[in-house]
Amino acid sequence: MKDDFMRAAIEQARKGLSEGGIPIGSVLVKDGKIVGRGHNRRVQHGDPMAHAEINCLQQAGRIGSYRDTVLYSTLMPCFLCAGAVVQFGIRRVVVGENTTFAGTGEFMRSQGVEVINLQDEECIEMMQKFIAENPKLWNEDIGVDD
């Protein structure tokens, strides 16, 4: 069963998809409350750095220490986003899935980050459908030449 925070991340992913973007969403939680929400906006903003987790951290703004926060993401973070997790000292990341993109779970774990992978069917199906319908855009997002 999904918790409210993963539901909020999925809501962000769906928002991105409805805007014509890539359906990846993220929320940052501190003291049991969402302090930042974001979704992948690479397409919408023409910005290769506008990943969901980066957008989420930008929306959270300056919150002091990130050590007591939990980052939720519908997809296992890439190296860009995992680097931000490590840089800001986020100690726990809850991920919707890594079936469609293996991502950086081992890297984050090697840096002391607890990574919880839910392998959530809703997250998997949303990404599988998107990738099947938009392979060129997906490959651009993950940096693969097609």
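One can find the structure itself at the top, above this paragraph.
Quick caveat, the model's predicted, so the values are computed rather than measured.

Q: Run through helix H3 (residues 52-60), naming residues and quoting values.
A: Because an α-helix completes one turn every 3.6 residues, residues spaced three or four positions apart along the sequence face the same direction. The element H3 is extensively covered by neighbouring structure, given that 7 of its 9 residues are classed as buried. In the segment just after H3, Gly61 is the residue with positive phi, at about 70 degrees.

Q: Account for the pattern of salt bridges, naming residues and giving values.
A: Scanning the entire structure with this criterion turns up 5 salt bridges. In this structure, Arg92 and Glu114 form a salt bridge, with 3.0 Å as the shortest nitrogen-oxygen distance. With a gap of 22 residues between them, Arg92 in strand E4 (residues 92-95) and Glu114 in strand E5 (residues 114-117) connect regions that are remote in the sequence. Look at Arg92 and you get partly exposed, because its relative accessible area is 34%. For Lys129, the salt bridge goes to Glu133, with nearest N and O atoms at 2.8 Å. Placement of both Lys129 and Glu133 in helix H6 (residues 121-133) is noted, with a separation of 4 residues, approximately one turn of the helix.

Q: I'd like to hear about the side chain of Glu53, residue by residue, with values.
A: Here Glu53 is to be found in helix H3. Arg42 provides the closest opposite charge to the buried, unpaired Glu53, separated from it by 10 Å.

Q: Explain the packing of aromatic side chains to me, and be specific about the residues and the numbers.
A: For the structure shown, the criterion picks out 4 aromatic pairs. Measuring from ring centre to ring centre gives 5.5 Å for Phe5 and Tyr72, while their planes differ by 55 degrees; the resulting arrangement is tilted. Highlighted residues: Phe5 in helix H1 (residues 4-18) and Tyr72 in strand E3 (residues 69-73), separated in sequence by 67 residues. Ring geometry for Tyr66 versus Phe88: centroids 5.0 Å apart, planes at 40 degrees, classification tilted.

Q: Please set out the packing of H6 against helix H7 (residues 135-142) residue by residue, giving values where relevant.
A: At a minimum axis distance of 5 Å, the contact between H6 and H7 shows a crossing angle of 110 degrees. The pairing of H6 with H7 is recorded here as roughly perpendicular in orientation. Across from Met127, Phe130, Ile131, Ala132 and Glu133 in H6, the residues of H7 making contact are Pro135, Leu137 and Trp138. For the contact of H6 with H7, the residue count by class is 7 nonpolar, no polar and 1 charged.

Q: Just give me the short version of the sheet that holds strand E1 (residues 25-30), but keep the residues and values in it.
A: Reading across the sheet, the 5 strands line up as E2-E1-E3-E4-E5 and stay open at both edges, with mixed pairing between neighbours. Each edge of the open sheet carries a strand with a single partner, namely strand E2 (33-39) and E5. Direction aside, neighbouring strands of the sheet carry axes that sit 15 degrees apart on average. Relative to E5, E4 runs parallel, the two being bridged by 4 bridges.

Here is what the cut-offs are and how they apply
Residues numbered from 1 in each chain as written. Predicted model: local features only at pLDDT ≥ 70, side-chain atom pairs only at ≥ 80, totals over all residues. Heavy atoms only, no water. Buried < 20%, exposed > 50% of the residue type's maximum accessible area, 1.4 Å probe, protein only. Helix = DSSP H or I, 4+ residues; strand = E, 2+ residues; numbered from the N terminus. Salt bridge = Lys/Arg side-chain N within 4 Å of Asp/Glu carboxyl O. Lys, Arg positive; Asp, Glu negative; His and termini not counted. Phe/Tyr/Trp six-rings, centres within 6.5 Å; stacked < 30°, edge-to-face > 60°. Axes fitted to C-alpha atoms, helices over the stretch in contact; angles between N-to-C directions. Parallel < 35°, antiparallel > 145°, perpendicular 65-115°, else oblique. Contact = heavy atoms within 4.5 Å. Nonpolar A, V, L, I, M, F, W, Y, C, P; charged D, E, K, R; others polar. Pairing = 2+ DSSP bridges.

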